[in-house]
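# Examination of the molecular architecture
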Number of protein chains: 2
Amino acid sequence: MKLLDGKLVADQIKTEIAAEVKLQFLDRDIEPPHIAAVLVGEDPASMTYVAAKEKGCHEVGFVSSVYRYPANISQAKLLEVIDFLNADSEIDGFIVQLPLPAHIEEHVIIERIDPLKDIDGFHPVNIGKMVLNLPCFLPATPFGIITLLERYNIETAGKNVVVLGRSHIVGTPVSLMLSRKSNPGNATVTLCHSLSKDIALTASRADILIVALGKQGFVTADMVKQDAVVIDVGVHRVPSTETKSGFRLKGDVDFEKVSRKCSYITPVPGGVGPMTIVSLLRNTLKAAKRKLI
Amino acid sequence: MKLLDGKLVADQIKTEIAAEVKLQFLDRDIEPPHIAAVLVGEDPASMTYVAAKEKGCHEVGFVSSVYRYPANISQAKLLEVIDFLNADSEIDGFIVQLPLPAHIEEHVIIERIDPLKDIDGFHPVNIGKMVLNLPCFLPATPFGIITLLERYNIETAGKNVVVLGRSHIVGTPVSLMLSRKSNPGNATVTLCHSLSKDIALTASRADILIVALGKQGFVTADMVKQDAVVIDVGVHRVPSTETKSGFRLKGDVDFEKVSRKCSYITPVPGGVGPMTIVSLLRNTLKAAKRKLI
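Thresholds, definitions, all that
Residues numbered from 1 in each chain as written. Chains lettered and ligands numbered in written order. Predicted model: local features only at pLDDT ≥ 70, side-chain atom pairs only at ≥ 80, totals over all residues. Helix = DSSP H or I, 4+ residues; strand = E, 2+ residues; numbered from the N terminus. Rg over C-alpha atoms; globule rule 2.2 N^0.38 Å. Buried ≥ 20, exposed ≤ 12 C-beta atoms within 10 Å, placed from the backbone. Least-squares fit on C-alpha atoms with pLDDT ≥ 70 in both. Contact = placed C-beta atoms within 7 Å. Axes fitted to C-alpha atoms, helices over the stretch in contact; angles between N-to-C directions. Parallel < 35°, antiparallel > 145°, perpendicular 65-115°, else oblique. Left-handed = near helix turned anticlockwise from the far one by under 90°. Nonpolar A, V, L, I, M, F, W, Y, C, P; charged D, E, K, R; others polar. Pairing = 2+ DSSP bridges. Domains from an automatic or database assignment. Core = buried A, V, L, I, M, F, W, Y, C linked by C-beta atoms within 7 Å.

## Focus on the overall build of chain A
When its secondary structure is counted, chain A shows 10 helices and 11 strands. The C-alpha atoms of chain A give 19 Å as radius of gyration, which agrees with the globular expectation for 293 residues (19 Å, within 12%). Counting only C-alpha atoms, chain A reaches 50 × 40 × 40 Å along its principal axes. Each of the 293 residues in chain A was classed as buried or not, and the buried ones make up 49%.

## A closer look at the relation of the copies chain A and chain B
It takes a turn of 180 degrees to lay chain A on chain B, together with a shift of 0.0 Å along the axis; the resulting RMSD is 0.0 Å. Those values place the two copies in the arrangement expected of a two-fold rotation axis. Here 100% of the interface residues in chain A have copies in chain B that are interface residues too; the copies meet face to matching face.

## As for helix 7 (residues 171–179) of chain A
The buried fraction of helix 7 of chain A is high, at 9 of 9 residues. For helix 7 of chain A, the set of buried residues is A:Gly171, A:Thr172, A:Pro173, A:Val174, A:Ser175, A:Leu176, A:Met177, A:Leu178 and A:Ser179.

## A few points about the packing of helix 6 (residues 140–151) of chain B against helix 7 (residues 171–179) of chain B
Residues and elements named next belong to chain B. For the pair helix 6 and helix 7, interaxial distance at closest approach is 8 Å and the crossing angle is 40 degrees. One way to sum up the angle between helix 6 and helix 7 is to call them oblique. Crossing geometry of helix 6 relative to helix 7 is assigned as right-handed. For the pair helix 6 and helix 7, the contacting residues are Pro142, Ile145 and Ile146 in the first and Pro173, Val174, Met177 and Leu178 in the second. Class assignment of the residues belonging to the contact of helix 6 with helix 7 gives a composition of 7 nonpolar, no polar and no charged.

## Considerations on the interface of chain A and chain B
Across the boundary between the two partners, chain A contributes 26 residues, which contact 26 residues of chain B. For the side of chain A that touches chain B, the leading source of residues is helix 5 (residues 124–131) of chain A, giving 7 residues. Taken together, the residues of the side of chain A that touches chain B break down into 11 nonpolar, 12 polar and 3 charged. Where strand 6 (residues 188–192) of chain A lies against strand 6 (residues 188–192) of chain B, 3 bridges are found, and the strand directions are antiparallel. Counterpart to A:Thr190 in the pairing with strand 6 of chain B is B:Thr190.

## Examining the domain arrangement of chain A
Interface size, as often reported, equals the accessible area lost upon joining of the parts. Each domain of chain A was delimited in the assignment, giving domain 1 (29–114) and domain 2 (140–273). The gap between the C-alpha centroids of domain 1 of chain A and domain 2 of chain A is 28 Å.

## Here we look at the environment of A:Asp43
By the secondary structure assignment, A:Asp43 is in the loop between strand 2 (34–40) and helix 2 (44–60). When the C-alpha atoms of A:Asp43 and A:Ala71 are compared, they prove to be 9.3 Å apart, with 28 residues separating the residues in sequence.

## Thoughts on the sheet that holds strand 8 (residues 229–232) of chain B
The strand order across the open sheet formed by 12 strands is 1(A)-11(A)-8(A)-7(A)-5(A)-6(A)-6(B)-5(B)-7(B)-8(B)-11(B)-1(B), and the pairing between neighbours is mixed. Each of the sheet's edge strands pairs with one partner strand only, and the pair in question is strand 1 (2–3) of chain A together with strand 1 (2–3) of chain B. Sheet topology note: the strand 1 of chain A/strand 11 (residues 264–265) of chain A ladder contains 2 bridges and is parallel. Paired with A:Lys2 across the strands is A:Tyr264, a residue of strand 11 of chain A. Sheet strands in contact with helix 7 of chain A are strand 5 (160–164), strand 6 and strand 7 (208–211) of chain A together with strand 6 of chain B, and its direction is about 170 degrees off that of strand 6 of chain A.

## Some points on the environment of B:Ala203
With respect to the secondary-structure elements, B:Ala203 resides in helix 8 (residues 199–203). Apart from residues no more than four positions distant in its own chain, B:Ala203 is found in contact with B:Val162, B:Leu164, B:Leu209, B:Val219, B:Met223 and B:Val224.

## Regarding the sheet that holds strand 2 (residues 34–40) of chain B
Residues and elements named next belong to chain B. Here 3 strands make up an open sheet; going across it, the order is 3-2-4 and the pairing parallel. A single partner strand is all that each edge strand has here, and the edge strands are strand 3 (63–69) and strand 4 (93–96). Strand after strand, the sheet turns through a mean of 15 degrees between neighbouring axes, direction not considered. Bridge count between strand 2 and strand 4: 4 bridges; the pairing is parallel. Bridge pairing in strand 4 links Val38 to Val96.

## Thoughts on the environment of B:Gly217
All names here are of chain B. For Gly217, the position within the fold is in the loop between strand 7 (208–211) and strand 8. Overall, Gly217 belongs to the partly exposed group, with 17 C-beta atoms counted inside 10 Å. Counting along the chain gives 17 residues from Gly217 to Gly234, while the straight-line C-alpha distance between them is 9.0 Å. Leaving out residues up to four positions away in the same chain, Gly217 has contacts with Lys250 and Asp254.

## Quick look at the nonpolar core
The biggest cluster of nonpolar side chains holds 168 residues, and the ones touching the most others in it are A:Ile210, B:Ile210 and B:Val211. If we ignore the near neighbours within four places in the chain, the residues touching A:Ile210 are A:Ile145, A:Val161, A:Val163, A:Val174, A:Ile231 and A:Val233.

## Some words on the packing of helix 6 (residues 140–151) of chain A against helix 10 (residues 272–288) of chain A
All names here are of chain A. Taken N-terminus to C-terminus, the directions of helix 6 and helix 10 make an angle of 105 degrees; their axes are 7 Å apart at the nearest point. Regarding the angle of helix 6 to helix 10, the classification is roughly perpendicular. Contact residues: Ala140, Thr141, Phe143, Gly144, Ile145, Thr147 and Leu148 in helix 6; Val272, Met275, Thr276, Val278, Ser279, Leu280 and Asn283 in helix 10. Class assignment of the residues belonging to the contact of helix 6 with helix 10 gives a composition of 8 nonpolar, 6 polar and no charged.

## A short note on helix 5 of chain A
Most of helix 5 of chain A is tucked away: 8 of the 8 residues are buried. Here helix 5 of chain A has its buried residues at A:Pro124, A:Val125, A:Asn126, A:Ile127, A:Gly128, A:Lys129, A:Met130 and A:Val131. In this structure, the buried residues of helix 5 of chain A make contact with helix 4 (106–112) and helix 7 of chain A together with helix 5 (124–131) and helix 7 of chain B. Directly beyond the C-terminal end of helix 5 of chain A, a positive phi value near 65 degrees is found at A:Asn133.

## Digging into unusual backbone geometry
In the segment running from A:Val268 into A:Pro269, the intervening peptide bond is cis, with an omega of 0 degrees. Along the chain, A:Pro269 turns up in the loop between strand 11 and helix 10. With an omega dihedral of 0 degrees, the bond running from B:Asn183 to B:Pro184 counts as a cis peptide bond. Residue A:Asp29 is not a glycine yet carries a positive backbone phi of 55 degrees. Summarising the element assignment, A:Asp29 is placed in the loop between helix 1 (6–25) and strand 2. Note on A:Asp29: 6 C-beta atoms within 10 Å, which makes it exposed.

Structure (structure tokens):
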């Protein structure tokens, strides 16, 4: 078994991005890429993610801004924020951190984002272009997953891929990306979800198993084919007496047992997580390159 | 075995549409729905399809226009046509018949169509909204397929659906529609294509098998599970001494042998074909309802 070391690959890509920022922006007296995040309320997971994103930005030489609003901000006011960020030529791309409070319709907010600044790749036009295999911003987590497969030279063409979980931000887009006529891609993809029957049987047929169900330890060794590649997107805090913080992070996969059976596996933490952040940075760099033309 | 009689269901839906046209448009002195088709060149299949669409329009009381251009029309000129149709308030929706000649970039033309008039559902923003399960125009053939399943009360939730063929107009969108959290939907969908291995084995696990490969007679009885539901999207002209025209239409499925094994099957012709046309009419009606508000 080999680890798919997302931290290592993400660090390599960050070095590549930092070199591009120096060469294409700073050395030519062009403002470096500038990313903004809109954070509504104080959801702890959202705050953690935005902080990680800011850290990543600083490491590669991007400028990063965070726009913070209370959880009771009105939808109309939030739409004004979007309009402001769309129009601000200093900001190359931005994200609206999800989830939003229940009184705000997420799709209305996301559809208001200028698709050319939609570095999360959540706008319908970017999703549609992804389906059509046209240039677009790919959503960060699936983009990170396919990059990880690519950097480890894991063949996807003709392979049976099983994706567990059909969320709009991970399961559905990664299933689309891997079934497209592209590389990585060209896989035979089965998308499973909470209403699927015989998930264990379906999963056990996968050459590449991608798990994004949000259920800690759901995938056990009997659900994994010998020598399969396993990608674990889950992140769960579980109590632990072995760490200072009193908890440790675990995924959707029973790592200890599954790792003995598969050829490659992502650890949690240090697998998909760092690849997500670095994929957002890649999208930001791409957005910022518009000012080089 | 029961036939999934697309002709019969399409006729029922046409009666429903005609009643709506009378009640909501004609009886209120509002112009009936008006659909336009842009036809470039003289591809026989395209001309047949556009003629069938016109016939359907007349049956339900729509106004139908066809804009014909020679195969050597420039991309710039075709974009002007799109702009004209987008702006023309008399036209509720329009299609650009594909394929276009090789010197024209299809995606540039399609992205120029106003998404609110994109009754083919091919614009990236409509595809993205389909993925996100938001209101949109669904592409006609997949929309026809799910309608057929719906009208025959064929349960899709939790079923294993295998789709053969990943085209942008049939295979990929129908796989998305059936895996979404919706009804019909909630199926476990596997999308196969030319690079898939063991297609026969995968197909034989399907409760519902949707075949859109464009290979005449590809699906044989050994590839179909006992009592499966089989949807055949293929249409091929094969020479025949039994018909006046000298040919007959066949599908991607070996109907004679497969029909003995499955619970439901679409005939060719008279299965998916009529459902495609009527789905385009439904989209047009929906587009035209904007003027009722």
